[in-house]
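Survey of secondary and tertiary structure
Chain by chain, the residues run as shown.
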Amino acid sequence: MFFQLSDTRTPLKPGDTVEIRGGGRIIIDRYVGSGGFALMYIAHREGSNRFLALKELFPRQLENLLIRRSDDNRILICDPASGDAVQENAPIWQELRQYFEREAVLTQRASTVYDRLGRQTAQNSPDVLRAEGPVQDLRGNTYLSIDTYQGEPMRDLIERGFLRNTDGAVVSNHFLDEILAILAETALRLSALHAEGLWHLDLSPDNIYVVPSAGRTRLTPYIIDYGSAYDQNDPAHCTDHRYTCNPFSAPEILALAQIHDPGCGYAPDASSDTYALASILFYAVTGEVFTSEHRMSCGRWQEQLRREYAAGLPSHQDADSFAGALIGFFEQGLASAQRDRLRTPRELFDAIQTLRERYRQYGNLLPLVARDELMSYMVLEKYPLYQYRSADGHIHVL
């Protein structure tokens, strides 16, 4: 399956420069993740303190072709027999750049706000930031930039909250209440997206970007990657949609991304997106990506959740009220059959809200560390010192 495929792509390094054709230089601050067709960075324009989510067109693999980065950072598509690089204007490059052009259009569409009469009232909703591109640099590489605020991928928050036992296995997450809140808000935003006829189909902890807001008292999620979005209002998507997948994708998306045949019997729907958010939560509480092996051995992870979320509580019934709700959520949210899942983002939101209520009851009894120590840890780790970049390029810490 997808999560077993190796990824040999080499990302740009912090400090590397992307010189845009026609003027402008973008400085890479850090690499944050990858998808099937692109690598994602946090960057800034030279001489500016504005942050960018920068996507670099760099497919993981191409049928019957090799793709690699050269020593001078050029991305090359090569003939596997001769080793010769495909020309920049070859049809394969044109097709791949159309993928980025389509993503820019869908991102702008997702970010447009309309009133009840169908009139456009704003270009950028709180859910989506402004996209620019695609553009090429002097090496011929292709990029798409999305304005953003200072924040981090949801994966960073999840993994910073992992609590491990002496064997290194994840047994809980310090930030579970915050993670549930982020997923609930993402579900609401997803509901609005679905109402516009768009399914995302590539949600992961890497393309949900989390930004401190309201005076750093809450975390606001942004979806920053629409490269695989499916437009239900475009008949062409029924026959030529290019599917990509990630380890959190629903089984039907994994199949469609590998079979490349719209007539294979698999089809996406709204539950393909709800599955991905449920899968992200499973990763947050277990440290494992949900796979077919987990489905076949469900007793193992169910017992793990009961054990870890019941240990040390004075009332076993209190523990079961949360652990049982969590298990029931995953059994439905990660069902292999689409008809058995949480069918809509609104259903998902309601289910997450139920988990939040149960967790708050459970969290008041949390015996992992002294309550004051836990809160001190959360403040320091969840909200690290704020940084900003001045116009001269220097980073300042508040």
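Throughout what follows, the structure given in this document is the object of discussion. (Residues numbered from 1 in each chain as written. Predicted model: local features only at pLDDT ≥ 70, side-chain atom pairs only at ≥ 80, totals over all residues. Heavy atoms only, no water.)

**Comments concerning the environment of P262**
If you trace the backbone, P262 turns up in the loop between helix 5 (251-259) and helix 6 (270-286). With 22 residues separating them in the primary sequence, P262 and D240 have C-alpha atoms 7.6 Å apart. (Helix = DSSP H or I, 4+ residues; strand = E, 2+ residues; numbered from the N terminus.)

**Looking at the sheet that holds strand 15 (residues 208-213)**
The 3 strands lie next to each other as 11-15-16, forming an open sheet whose pairing is antiparallel. The open sheet has two edge strands with one neighbour each: strand 11 (152-153) and strand 16 (218-223). (Pairing = 2+ DSSP bridges.)

**Description of the packing of aromatic side chains**
Any pair of aromatic rings gets described here by the distance separating the centres and the angle formed by the planes. By the definition in use, this model includes 12 aromatic pairs. Ring centres 5.7 Å apart and planes at 80° place the aromatic pair F248 and Y283 in the edge-to-face group. Here Y283 lies in helix 6 and F248 lies in the loop between helix 4 (237-240) and helix 5, a separation of 35 residues in the sequence. Note on Y283: relative accessible area 8%, which makes it buried. (Phe/Tyr/Trp six-rings, centres within 6.5 Å; stacked < 30°, edge-to-face > 60°. Buried < 20%, exposed > 50% of the residue type's maximum accessible area, 1.4 Å probe, protein only.)

**Some words on the pairing of strand 3 (residues 38-45)**
Counted residue by residue, strand 3 has 7 buried out of 8 residues, so it is predominantly covered. Here 7 bridges tie strand 2 (residues 25-34) to strand 3, and the two strands are oriented antiparallel to one another. Of the residues in strand 3, the one forming a bridge with R30 is I42. Turn length for the strand 2-strand 3 hairpin, with the two strands adjacent in sequence and antiparallel, is 3 residues. Of the pairings in the sheet, the one linking strand 3 to strand 4 (residues 51-57) comprises 7 bridges and is antiparallel in character. By the bridge assignment, A43 is partnered in strand 4 with L52.

**Side note on the pattern of salt bridges**
All chains considered together, the criterion is met by 16 salt bridges. Here R45 ties to E132 by a salt bridge, and the two come within 2.8 Å at their closest N and O atoms. Linking R45 in strand 3 with E132 in strand 9 (residues 131-136), this pair joins segments that are 87 residues apart in sequence. With relative accessibility at 28%, the residue E132 sits in the partly exposed group. A salt bridge links E159 to R155, with the shortest nitrogen-to-oxygen separation between them at 3.3 Å. Of this pair, E159 and R155 both sit in helix 2 (residues 154-160), separated by 4 residues, roughly a single helical turn. Since its relative accessible area comes to 35%, E159 is described here as partly exposed. Taken together, the shared-partner salt bridges in this structure form one network comprising E19, R25 and E46. (Salt bridge = Lys/Arg side-chain N within 4 Å of Asp/Glu carboxyl O.)

**Some thoughts on the packing of helix 3 (residues 176-195) against helix 6**
Direction vectors running N to C along helix 3 and helix 6 enclose 170°, while the axes themselves pass 11 Å from each other. By the angle class used here, helix 3 and helix 6 are roughly antiparallel. Two secondary-structure elements touch here, helix 3 through L176, I179, L180, L183, T186, A187, L190 and H194 and helix 6 through A270, D273, L277, I280, L281, A284 and V285. Here the residues of the contact of helix 3 with helix 6 are counted per class, giving 12 nonpolar, 2 polar and 1 charged. (Axes fitted to C-alpha atoms, helices over the stretch in contact; angles between N-to-C directions. Parallel < 35°, antiparallel > 145°, perpendicular 65-115°, else oblique. Contact = heavy atoms within 4.5 Å. Nonpolar A, V, L, I, M, F, W, Y, C, P; charged D, E, K, R; others polar.)

**Side note on the sheet that holds strand 1 (residues 17-19)**
Spatially, 1-2-3-4-10-9 is the arrangement adopted by the 6 strands of the open sheet, whose pairing is antiparallel. Of all strands in the sheet, those bounded by a partner on one side alone are strand 1 and strand 9. Each strand axis lies, on average, 35° off the axis of its neighbour in the sheet, ignoring direction. By the bridge criterion, 3 bridges tie strand 1 to strand 2 in an arrangement that is antiparallel. Looking at the pairing, V18 lines up with I26 of strand 2.

**Observations concerning the side chain of S271**
In this fold, S271 is placed in helix 6. Dropping the residues within four chain positions of it, S271 is found in contact with Q338, R341, L342 and R343.

**Here we look at helix 6**
End to end, helix 6 covers 25 Å across 17 residues, agreeing with the expected 24 Å (1.5 Å per residue, within 8%). Here helix 6 lies mainly inside the structure; 17 of its 17 residues are buried. Of the residues one or two after helix 6, G287 is the one with positive phi, at around 75°. (Expected span 1.5 Å × (residues − 1).)

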